[in-house]
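Topology and contacts: notes
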Amino acid sequence: MKLSAVSKKLWCVHKQLLLLLAPLVFLPLLFTLPEKEGKCLYVILLMATFWCTEALPLAVTAMLPVCLFPTLGILPAKKVCPQYFIETNFLFLSGLIMASSIEEWGLHQRIALKVLSIVGVKPAWLILGMMLTSSFLSMWLSNTATTAMMLPIASAILESLFGDLETLKQKCQSLDDPESALINGQSSVKLHSLPSVPSEKQILSMDGPDVLEQTDLKTAEEIKSEAQYQMKVWKGFLICIPYAASIGGTATLTGTAPNLILIGQLKSYFPDCDLINFGSWFAFAFPLMLLFLFLGWLWISFLYGGLNSRLCFKKHDSRAQAEAKAKALIIEDYKKLGPINFAEGAISFFFVLFAVLLFTRDPKFVTGWSVFFKKGYVSDAVTGVIIVSILFFFPSQKPSLRWWFDPQAANTPYVPLLSWKKAQDSVPWNIIMLLGGGFAMAKACEESGLASWIGGHLQPLAEVPPAAAVMLITAFLACFTEFASNTATIIIFLPVIAELAMRVSVNPLYFMIPATVGCSYAFMLPVSTPPNSIAFASGHLMVKDMVKTGFVMNILGILSVSLAMNTWGVAMFNLHSYPEWAHPVNKTATALVPFSSVPPLNATL
């Protein structure tokens, strides 16, 4: 049998082979390391391999601690199982249920169309509008749902601006093949690839027969230049949406899973740390999101032709006519939604209430409403569950007293804003299991002493200035998450990073926050995140487009995180000193580096 045939057959069963071989490859760890630490590291490496290769479904791999930790004597089942539904999971669940109610009544589409009608239809402004809308929605909806919703809107606007995409591709192909175009003595070309009777989509980018004649008389070079410009803008539209969704998800605790894993692991490692909650995280991460979004907009607009003189000056030409038609399409689609109905108004009210209560529970810089309750009893999870519970009984139609006294009124069934069936179908339960697996893994690292053991082997890193370490950590995780799930990545590395911070006597938040944010900065490959995959599946992007754009986006993200941590991050979280809440855990470690031997953070800022 030929080698190629064997390799194909091996590839067909590569996941099964991984399931068999990985446990054998890591088996020496059980005999070469201290007993409990070696067993814990064995399970973690096994899970990391299965997560990165997806040899098992992510949620199934996340459940391995339930069977492996107790059987290997690492952690009893009564300590493992509760990790799968701690309060952080309830906060995540409440955010997902609120998002499903927004999708149920189409409020997200109304928000998107309104923003796009405000920013205008010039390519650079539209890209900005797409990014602002995608990032805002992604703060509350999942990144995947946001991308799936915004891409069809983007495609409709692009068709209004440039006509049908297939026609545009044919135009580019006809220019590359000189035999497909008939060029006269005056170097003018007639586009034979266009049908003799223009379609409705083609007419959208034209204005009457005069424009058709002008199109026919364009030189081949002009047509080529215009077609290339339009294709570049098309790619810019498609690529900015998944990128903005990934950036926007970092602004709120419920926006993406790694943020919640940070909270869960902080509570496990540092029970006395109460600096991070919904309000304080938003105060730190929202300005960072805006900064990175602005830099990303400049880069994408520069790369894909959106930044030019048309951004500031009006021109009356065929592009201006197409832009006017695209704006009319946006306004028409918004009008089709009609006035805000009772259900949309109710969802808007509860959505705003949800956000305001989370922000004001304990914002740290002022006294929050949680002081009215027993200290330590009310958390963000309690707030979220209270609000979303109301959605299941609040009416979706305006109540009327007249209905009770009118025997002729229709006896229609009572419909709440959200049904449990809809919520159940919308919630990604596999991600909740994944969160639980991460919390169980962190608990095992702490209880077994593995985190302390790893920290002891990270001693050489004490010589690296903390500010440089922040950039290295962010860059490493941003690169690693290009090939693995961001949730799995932060689950694997956050315990190690926490232990590293304690070993070098640096505020753990100074390393853990940039690591968490960096895990969401996966821009270079279609497989990096589901939003990237959705945009790539449209068939109009190539891998080289994402690599070229995403490489610079990663650099911009690393610099933005470093700037945020060393400016307002230091002031907000008191990062220049080693906190009291980290000392109780730190006492269990051995051979700590004295704080005086590490350069103070404010000396490196």
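Preceding block: the structure.
Computed from a prediction, not measured in an experiment: that's the story for all the values here.

A few points about the packing of helix H16 (residues 257-269) against helix H27 (residues 508-518)
- Contact geometry of H16 with H27 gives a least axis separation of 9 Å together with a crossing angle of 155°. Viewed along their axes, H16 and H27 adopt a mutual orientation that is roughly antiparallel. Residues Pro258, Asn259, Leu262 and Leu266 of H16 pack against Leu509, Met512, Ile513 and Thr516 of H27.
- Looking at side-chain class alone, the contact of H16 with H27 contains 6 nonpolar, 2 polar and no charged residues.

Notes on the packing of aromatic side chains
- Counted under the stated rule, the structure contains 28 aromatic pairs.
- For the ring pair Phe136 and Phe351, a centre distance of 6.5 Å and an interplane angle of 90° mean the geometry is edge-to-face. Of this pair, Phe136 sits in helix H10 (residues 123-138) while Phe351 is found in helix H19 (residues 342-360), placing the two residues 215 residues apart along the sequence.
- In this structure Phe351 comes out as buried when scored by relative accessible area, which is 11%.
- Pairwise contacts between aromatic rings join Phe136, Trp140, Phe278, Phe282, Phe286, Phe351 and Phe359 into one cluster.
- The ring of Tyr334 has Arg110 lying over it, and the distance from NZ or CZ to the ring centre is 5.7 Å.

Let's talk about the nonpolar core
- Counting residues in each nonpolar core, the largest one holds 163 residues, and the members touching the most others are Met130, Phe270, Phe511 and Ile513.
- For this core, the element with the most residues is helix H17 (residues 278-303), which contributes 13 residues.
- With residues up to four places along the chain from it excluded, the contact list for Phe511 reads Pro466, Ala469, Val470, Ile473, Ile497, Leu500, Ala501, Val504 and Val506.

Points about a nonpolar patch on the surface
- On the surface, a nonpolar cluster with roughly 940 Å² of combined accessible area is contributed by Val6, Leu10, Val13, Leu17, Leu20, Leu21, Leu24, Val25, Leu27 and Phe31.
- Secondary-structure elements contributing two or more residues to the nonpolar patch are helix H1 (3-12) and helix H2 (14-25).
- It is H2 that contributes the most residues to the nonpolar patch, 5 residues altogether.

Side note on the pattern of salt bridges
- In total, this model carries 12 salt bridges according to the counting rule given.
- Here the salt bridges share partners, and the residues they tie into one network are Lys79, Lys443 and Glu447.

Cut-offs used in this document
- Residues numbered from 1 in each chain as written.
- Predicted model: local features only at pLDDT ≥ 70, side-chain atom pairs only at ≥ 80, totals over all residues.
- Heavy atoms only, no water.
- Axes fitted to C-alpha atoms, helices over the stretch in contact; angles between N-to-C directions.
- Helix = DSSP H or I, 4+ residues; strand = E, 2+ residues; numbered from the N terminus.
- Parallel < 35°, antiparallel > 145°, perpendicular 65-115°, else oblique.
- Contact = heavy atoms within 4.5 Å.
- Nonpolar A, V, L, I, M, F, W, Y, C, P; charged D, E, K, R; others polar.
- Phe/Tyr/Trp six-rings, centres within 6.5 Å; stacked < 30°, edge-to-face > 60°.
- Buried < 20%, exposed > 50% of the residue type's maximum accessible area, 1.4 Å probe, protein only.
- Lys NZ or Arg CZ within 6 Å of the ring centre and 35° of its normal.
- Core = buried A, V, L, I, M, F, W, Y, C linked by side-chain atoms within 4.5 Å.
- Patch = residues over 30% accessible without salt bridge, like charges linked within 9 Å, V, L, I, M, F, W, Y side chains within 5 Å.
- Areas by Shrake-Rupley, 256 points an atom, 1.4 Å probe, with all protein chains shown as cover.
- Salt bridge = Lys/Arg side-chain N within 4 Å of Asp/Glu carboxyl O.

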